[in-house]
Structure formats: C-alpha cells, structure tokens
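The lines below spell out each chain.
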Amino acid sequence: MAKSSDYRLGEFDFPRGWFMVGESAEATRTPVAMRYFGQDLVMYRGESGQVYVTEAYCPHMGAHLANNTTSYIVRDGEQVEGESIRCPFHGWQYGPDGACKNIPYSDFVPKAAKLKTFPVTERAGTIWMWYDPEGLEPNFDLPNFGGHWDEPGWVRWRLDFMGDLNIHPIEVVDNMADFGHFVPIHGAKDFVYFANEFKDHIVHQYYAAGHRTLVQNPDDVLTLDTWYTGPSILQSEMEGTFDSFIMITHTPIEDGKIRVWHGLMVQVNDGSSPITDELRAAAAEYQEGSRLAFAQDVEIWQNKRACFNPLVIPNDGPYGKVRTWYKQFYNPREKLPDMHKRSNGLHVTLDKRASSAAA
Ligand code: FES
Ligand SMILES: [Fe+2]
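Bear in mind the structure is a predicted one, so any value in this text is a computation, not a measurement.

*Asks:* Help me out: how do you make sense of the overall build of the chain in this one?
*Replies:* Each helix and strand in the chain was counted, giving 7 helices and 20 strands. Projected onto its principal axes, the C-alpha positions of the chain cover 85 × 50 × 35 Å. Long-range contacts, defined here as pairs at least 24 residues apart, represent 60% of the contacts in the chain between residues at least 6 apart. Just so you have it, the chain exposes about 17,100 Å², and 50% of that area is on carbon and sulfur atoms. For the chain, the distance from the average position of its 33 positive side-chain charges to the average position of its 48 negative side-chain charges is 6 Å.

Right under this line is the structure:
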C-alpha cells in the first residue's frame, strides 16, 4: 500500500475532516466494532437516539467494548444504558464524554479512566465522525447534501457500497483535476469548459461538455458543478432526465486503504403529488446509472499502481494544484492560512465558451 508519507502529504498519516463510518441502521444499542484511521473503534446508539464513536479498548485492562457475546453484561443487555457504554469485562461504565462514571465494585474512579471519543453527526441516513490528528473540534461543517433528504418530490438515496480499495485517497481526489479521463472513461465529448476553483477547504470542478449517451439531444451540453468539502466528501448537483444530487465519499481504513460509498438522490416530481412505486423504481434505475459511471473510475483505481508524480502535459488538468490543496488536511492548523493563500483561486484548463457561442 502506498502511504501518505510516500506522497509527501504532510505531518499526519490521516487527514482532518468528516468521514462516513456507516449507515444509520448500523448504529444500535448493541455496540459494533469498526476499524478506521488504523484504529479499532466502537459505535453505539444511546437511548436518546444520539450515535457515539469511541476507541474500542477499555482503559482499565484493554477489553474490547463491542466484541463480546458471553459476558453477563452483554447477555443481560447492560452494555448501553442511557447514553453510556459499559465494558463487558469488569463493568466499568463510560459516559458520552468518555469519562468513567461508574465502577460497580469501587467508589473510587480514577481520572485516567477516560475513553477517547469522536464528534459524530447523523445525516441523510448516514453516520459521520470528525477525525482530527490534532484532536481538535471541527473547523468546518458536515454538508447538508443539498437539503434534498427532506425535500418533497425527492427520492432518498440507498447507498451503494463500492468496496474497500487498496488505494490512497489522494488518487481518488485527483479526479477533480482529471480533465483527460472524461472522454475515454466516462463517454464525454466536445468539451466546452473545464476549470477548478479552490476556496479554503473546498475545491470545485466546473465542467461543461457533451456526452455520448447521457444527454437527450446529441448537441446538448451537460453542465456540472462538482465539489469536495474537506478531504473525503464529493457532491454534485446534476440536471438531466431527472435533477439529481450525487455524493461520493471515502474513509481511510488504514494508511493507503479506503472504504468507498456512492449515493444519488433524485427529484421525480415537484412534490405536489405522491411518489409512486414506478417513480421510485425510475429513481433507483437512475442511481444505478450513476453508480456504473463511478464504477468506471473504481476499476481503474483497483488496478493501477500508485502515482507519486504524474507525468503532466500542459493540456492535463491541474493535478499538482489539487494535490497542494489536499495537503492542508495532513498538516497542523497553524499552517492553514499560508496553505490556503497558496492554493486558493481559479484554474481554467479549457474554455471554448466564446467560440462555441459564436458557432
Ligand atoms: S477491561 Fe474494561 S472494565 Fe476492566
Ligand atoms: Fe471519473
């Protein structure tokens, strides 16, 4: 596996940001084991409905807080009470802030008995945790996915699991600058415009081109604004047969290995009439088309070698600029103002708008 240090990304092995760690249905009052960021973690849902993510191993003697079936604490259903989690080994109980609040056989509770916890947000049927190599609170918000989850007339996504890939996430983020792959991989044709805009923790890709099959009339131009918010969340509002909203996200499991999901929400009517089963089926089929387009990228990633220094030609997109932007998430916050100054701005790879308007 090619690692963050091989790409010379910065001081940290894993980036700062919001990361998807599962779907809402996976978080229940039975704690589950997870592995992300090279760490064993545990996720559970408190009685209030709030989801929590903590380190997996109890500070007392190192028992795993989720991987147990035979302890009486597990059998008696005492693992999660209120918002707290109890260890199956000796029954120490930890509150939502991670502090130990009860030891069944001792009034003395040491201060060091504290589980590491992570900020968690649940949104649009998915669970997200904030990972920060410096252990700080979030410095940007989890996106609200266009607000479409609760919008009348929209069919919610049912996420596609795209697999655990042995590829560093930088090679996925490279796609933002990858002007040259749209024709061979995705079936684009007749490019009109391609540009990237960098704004602090966000990078946009502005795209206008024809397409072999996706457009209704052969001369139609597909116009897309696609953006990353932080190192792991791609979103795009798309117009087409239906208006739709795409989300692609990837979370590091180990340094150089990621878990990838894809989802599409589809507007099937204006919200004034009910969404029929036929419309739901049409939305699912539309999502499948989007998944297949993304799977074209995934197949490349699954089979390529790591690329530390692209052999760039002048007509390629700005891989280097995207990589410079991406490095901010692997470096301490004190460096952010300088790094933003260096990467912010608009880079136009191709602009034929004037000539195509004249034609
Ligand atoms: S190891 Fe968890 S309570 Fe002892
Ligand atoms: Fe792509």
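Still more to cover.
*Asks:* Explain the pattern of salt bridges to me, please; I cannot follow it from the model alone.
*Replies:* Any two side chains of opposite charge can pair, given that their charged atoms come close. All told, the structure shown has 15 salt bridges when counted by the stated rule. With a closest N to O distance of 2.5 Å, Lys 304 and Glu 171 form a salt bridge. Of the two residues, Lys 304 sits in the loop between helix H4 (277-303) and helix H5 (319-326) while Glu 171 sits in helix H2 (residues 169-173), which places them 133 residues apart along the sequence. With relative accessibility at 32%, the residue Lys 304 sits in the partly exposed group. Look at the salt bridges and you will find they share partners, linking Arg 35, Asp 40 and Glu 254 into a network.

*Asks:* Would you mind showing me how to read the UniProt feature "domain: Rieske" (unreviewed entry) in the chain here?
*Replies:* The residues that UniProt annotates with the feature "domain: Rieske" (unreviewed entry) are residues 18-129. Strand forms 38% of residues 18-129 and helix 4%; the C-alpha atoms that close the span are 6 Å apart.

*Asks:* Can you walk me through the side chain of Thr 251 in this structure?
*Replies:* Within the secondary structure layout, Thr 251 lies in strand S18 (residues 243-254). Excluding anything up to four places from it in sequence, Thr 251 contacts Phe 19, Met 20, Tyr 36, Phe 37, Lys 257, Ile 258, Arg 259 and Trp 261.

*Asks:* Looking at this model, I keep getting lost on the sheet that holds strand S4 (residues 51-55). Mind explaining?
*Replies:* Backbone hydrogen bonds hold the strands of a sheet together, and the pairing may be parallel or antiparallel. Taken in spatial order, the 4 strands make up an open sheet running S2-S3-S4-S9, and their pairing is antiparallel. Of all the strands in the sheet, the pair left with one neighbour each is strand S2 (32-36) and strand S9 (117-118).

*Asks:* Could you clarify how one ought to interpret the pairing of strand S15 (residues 202-211) in this entry?
*Replies:* Along any regular strand, the residues point their side chains to alternate faces of the sheet. The buried fraction of S15 amounts to 9 of the 10 residues, a majority that puts the element mostly inside the structure. Two elements, strand S14 (residues 188-199) and S15, share 10 bridges in a ladder whose sense is antiparallel. Each bridged residue has a counterpart across the sheet, and for Tyr 193 the counterpart in S15 is Ala 208. The hairpin turn running from S14 into S15, its antiparallel successor, is 2 residues long, and Asp 200 in that turn takes a positive phi close to 50°.

*Asks:* What exactly am I supposed to notice about the sheet that holds strand S10 (residues 120-123) here?
*Replies:* The 3 strands are arranged S1-S11-S10 in an open sheet whose pairing can be described as antiparallel. Each edge of the open sheet is held by one strand with a lone partner, namely strand S1 (17-23) and S10. Recorded for the sheet is a direction-independent mean angle of 30° between the axes of neighbouring strands. Summarising the sheet, S1 and strand S11 (residues 126-131) pair through 6 bridges and their orientation is antiparallel. Of the residues in S11, the one forming a bridge with Glu 23 is Thr 126.

Cut-off values and rules
Residues numbered from 1 in each chain as written. Chains lettered and ligands numbered in written order. Predicted model: local features only at pLDDT ≥ 70, side-chain atom pairs only at ≥ 80, totals over all residues. Heavy atoms only, no water. Helix = DSSP H or I, 4+ residues; strand = E, 2+ residues; numbered from the N terminus. Contact = heavy atoms within 4.5 Å. Areas by Shrake-Rupley, 256 points an atom, 1.4 Å probe, with all protein chains shown as cover. Lys, Arg positive; Asp, Glu negative; His and termini not counted. Charge placed at Lys NZ, Arg CZ, Asp CG, Glu CD. Salt bridge = Lys/Arg side-chain N within 4 Å of Asp/Glu carboxyl O. Buried < 20%, exposed > 50% of the residue type's maximum accessible area, 1.4 Å probe, protein only. UniProt positions renumbered as here; feature names shortened; annotations may be inferred. Pairing = 2+ DSSP bridges. Axes fitted to C-alpha atoms, helices over the stretch in contact; angles between N-to-C directions.

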